[in-house]
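One letter stands for each residue in the lines below.
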Amino acid sequence: MTQQTITEEGAFHAGARKKVNDNFTELYGSSGTFTANGATGVDVANTAVTASSIIVFTLKTVGGTVGAYPAVKTITAGTGFTVAATASDTSVYNYRIIS
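As the structure is a prediction and not an experimental result, all values here were calculated from the model. Residue positions within a chain follow its written sequence, with the count starting from 1. Under the rules for a predicted model, residues below a pLDDT of 70 receive no local features and side-chain atom pairs below 80 are neither given nor counted, while totals for whole chains, interfaces and linings still include all residues. In computing side-chain values, all of the structure's heavy atoms are included and hydrogens and water are not.

> Teacher, can you tell me more about the sheet that holds strand E1 (residues 30–35) here?
Within a sheet, each strand pairs with its neighbour through backbone hydrogen bonds, oriented either parallel or antiparallel. Being paired, for any two strands, means DSSP has found at least two bridges between them. Each helix is a run of DSSP H or I of at least 4 residues and each strand a run of E of at least 2, with the numbering of both proceeding from the N terminus. Pairing within the open sheet is antiparallel, and its three strands lie in the order E1-E6-E3. The sheet is open, and its two borders are formed by E1 and strand E3 (54–61), each paired with just one other strand. Adjacent strand axes in the sheet meet at a mean angle of 25°, parallel and antiparallel pairs treated alike. Of the pairings in the sheet, the one linking E3 to strand E6 (residues 92–98) comprises seven bridges and is antiparallel in character. The residue of E6 that forms the bridge with Val 56 is Arg 96. Axis definition: a line fitted to C-alpha atoms, limited for helices to the stretch in contact. Angles are taken between N-to-C directions and run from 0 to 180 degrees.

Next comes the structure, spelled out in C-alpha coordinates:
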(Lines give C-alpha, C1' and ligand atoms only; values in the text may rest on other atoms or scores of the structure.)
Protein backbone atom coordinates (compact mmCIF):
# COMPACT_ATOMS: atom_id res chain seq x y z
CA MET A 1 0.00 0.00 0.00
CA THR A 2 1.38 3.42 -0.93
CA GLN A 3 1.02 6.52 1.20
CA GLN A 4 -1.12 9.31 -0.23
CA THR A 5 -1.20 12.94 0.84
CA ILE A 6 -4.54 14.72 0.73
CA THR A 7 -3.97 18.28 -0.37
CA GLU A 8 -7.47 19.58 -1.08
CA GLU A 9 -10.02 18.24 1.35
CA GLY A 10 -9.79 20.06 4.65
CA ALA A 11 -7.01 22.36 3.49
CA PHE A 12 -7.51 26.10 3.91
CA HIS A 13 -7.51 28.18 0.79
CA ALA A 14 -6.50 31.85 1.04
CA GLY A 15 -10.09 33.13 1.39
CA ALA A 16 -10.96 30.71 4.20
CA ARG A 17 -7.70 31.42 6.00
CA LYS A 18 -8.43 35.17 5.90
CA LYS A 19 -11.93 34.61 7.35
CA VAL A 20 -10.53 32.50 10.19
CA ASN A 21 -7.85 35.10 10.97
CA ASP A 22 -10.36 37.97 10.84
CA ASN A 23 -12.76 36.12 13.15
CA PHE A 24 -9.95 35.27 15.57
CA THR A 25 -8.88 38.91 15.73
CA GLU A 26 -12.48 40.04 16.27
CA LEU A 27 -13.03 37.52 19.07
CA TYR A 28 -9.66 37.58 20.79
CA GLY A 29 -8.16 40.94 19.88
CA SER A 30 -5.11 42.00 17.99
CA SER A 31 -1.67 41.07 19.27
CA GLY A 32 2.03 41.61 18.72
CA THR A 33 5.33 42.23 20.45
CA PHE A 34 7.49 45.19 21.40
CA THR A 35 10.91 45.64 22.94
CA ALA A 36 11.32 47.91 25.96
CA ASN A 37 14.31 50.22 25.63
CA GLY A 38 15.07 50.84 29.31
CA ALA A 39 14.89 54.61 28.97
CA THR A 40 11.88 56.11 27.17
CA GLY A 41 8.40 55.11 26.06
CA VAL A 42 8.03 52.80 23.08
CA ASP A 43 5.53 53.63 20.32
CA VAL A 44 3.64 50.54 19.18
CA ALA A 45 1.76 50.87 15.89
CA ASN A 46 -1.48 48.89 15.75
CA THR A 47 -4.58 50.15 13.95
CA ALA A 48 -6.88 47.87 16.00
CA VAL A 49 -6.53 49.98 19.15
CA THR A 50 -9.47 52.12 20.27
CA ALA A 51 -9.81 54.73 23.00
CA SER A 52 -11.46 52.11 25.25
CA SER A 53 -9.11 49.22 24.47
CA ILE A 54 -7.67 47.05 27.20
CA ILE A 55 -4.04 46.13 26.52
CA VAL A 56 -2.56 43.12 28.30
CA PHE A 57 1.19 42.39 28.47
CA THR A 58 3.14 39.18 29.07
CA LEU A 59 6.90 38.77 29.24
CA LYS A 60 8.35 36.94 26.22
CA THR A 61 12.13 37.30 26.53
CA VAL A 62 14.04 38.75 29.48
CA GLY A 63 16.43 41.57 28.74
CA GLY A 64 18.21 43.89 31.14
CA THR A 65 16.61 44.25 34.57
CA VAL A 66 12.90 43.43 34.62
CA GLY A 67 10.96 45.54 37.08
CA ALA A 68 7.25 46.25 37.12
CA TYR A 69 5.18 45.25 34.10
CA PRO A 70 4.96 47.87 31.34
CA ALA A 71 2.25 50.50 31.53
CA VAL A 72 0.26 52.14 28.75
CA LYS A 73 1.01 55.87 28.71
CA THR A 74 -1.05 57.00 25.70
CA ILE A 75 -3.51 55.52 23.22
CA THR A 76 -4.20 57.05 19.81
CA ALA A 77 -7.28 55.33 18.43
CA GLY A 78 -6.70 53.71 15.06
CA THR A 79 -2.95 54.33 15.23
CA GLY A 80 -1.32 52.70 18.25
CA PHE A 81 -0.18 53.25 21.80
CA THR A 82 2.87 54.24 23.83
CA VAL A 83 4.11 51.94 26.55
CA ALA A 84 6.75 52.51 29.22
CA ALA A 85 8.73 49.93 31.17
CA THR A 86 11.05 50.38 34.12
CA ALA A 87 14.59 51.72 33.77
CA SER A 88 17.13 49.17 32.46
CA ASP A 89 14.37 46.85 31.15
CA THR A 90 15.15 45.86 27.56
CA SER A 91 12.88 42.79 27.52
CA VAL A 92 10.59 41.70 24.71
CA TYR A 93 6.91 41.68 25.66
CA ASN A 94 3.81 40.22 24.02
CA TYR A 95 0.70 42.32 23.98
CA ARG A 96 -2.97 41.65 23.26
CA ILE A 97 -5.47 44.40 22.50
CA ILE A 98 -9.01 43.70 23.67
CA SER A 99 -11.62 46.15 22.44
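Read on for the rest.
> Quick question: what am I supposed to make of the packing of aromatic side chains here?
Each pair of aromatic rings is reported with the distance of its centres and the angle of its planes. Pairing of aromatic rings covers Phe, Tyr and Trp, the last through its six-membered ring, and needs centres within 6.5 Å; plane angles under 30 degrees mean stacked, over 60 mean edge-to-face, and all others mean tilted. Scanning the entire structure with this criterion turns up four aromatic pairs. With a centroid separation of 5.6 Å and 80° between ring planes, the pair formed by Phe 34 and Phe 57 is classed as edge-to-face. Taken as a pair, Phe 34 in strand E1 and Phe 57 in strand E3 lie far apart in primary sequence, 23 residues in all. Burial here depends on accessible area, computed with a 1.4 Å probe over protein chains only, as a share of the maximum for the residue type. Under 20% is buried, over 50% is exposed, and the range in between is partly exposed. Since its relative accessible area comes to 6%, Phe 34 is described here as buried. On the accessibility criterion, Phe 57 (12% relative accessible area) is buried. For the pair Phe 34 and Tyr 93, a centre-to-centre distance of 5.6 Å together with 20° between the ring planes defines the contact as stacked. One end of the pair, Phe 34, is in strand E1; the other, Tyr 93, is in strand E6, and 59 residues separate them in sequence. When its relative accessible area of 0% is taken as the criterion, Tyr 93 is described as buried. Put simply, the rings of Phe 34, Phe 57, Tyr 69 and Tyr 93 touch in pairs and so form one group of aromatic residues.

It is worth stressing that arrangement in space is one thing and function is another; only the former is reported here.
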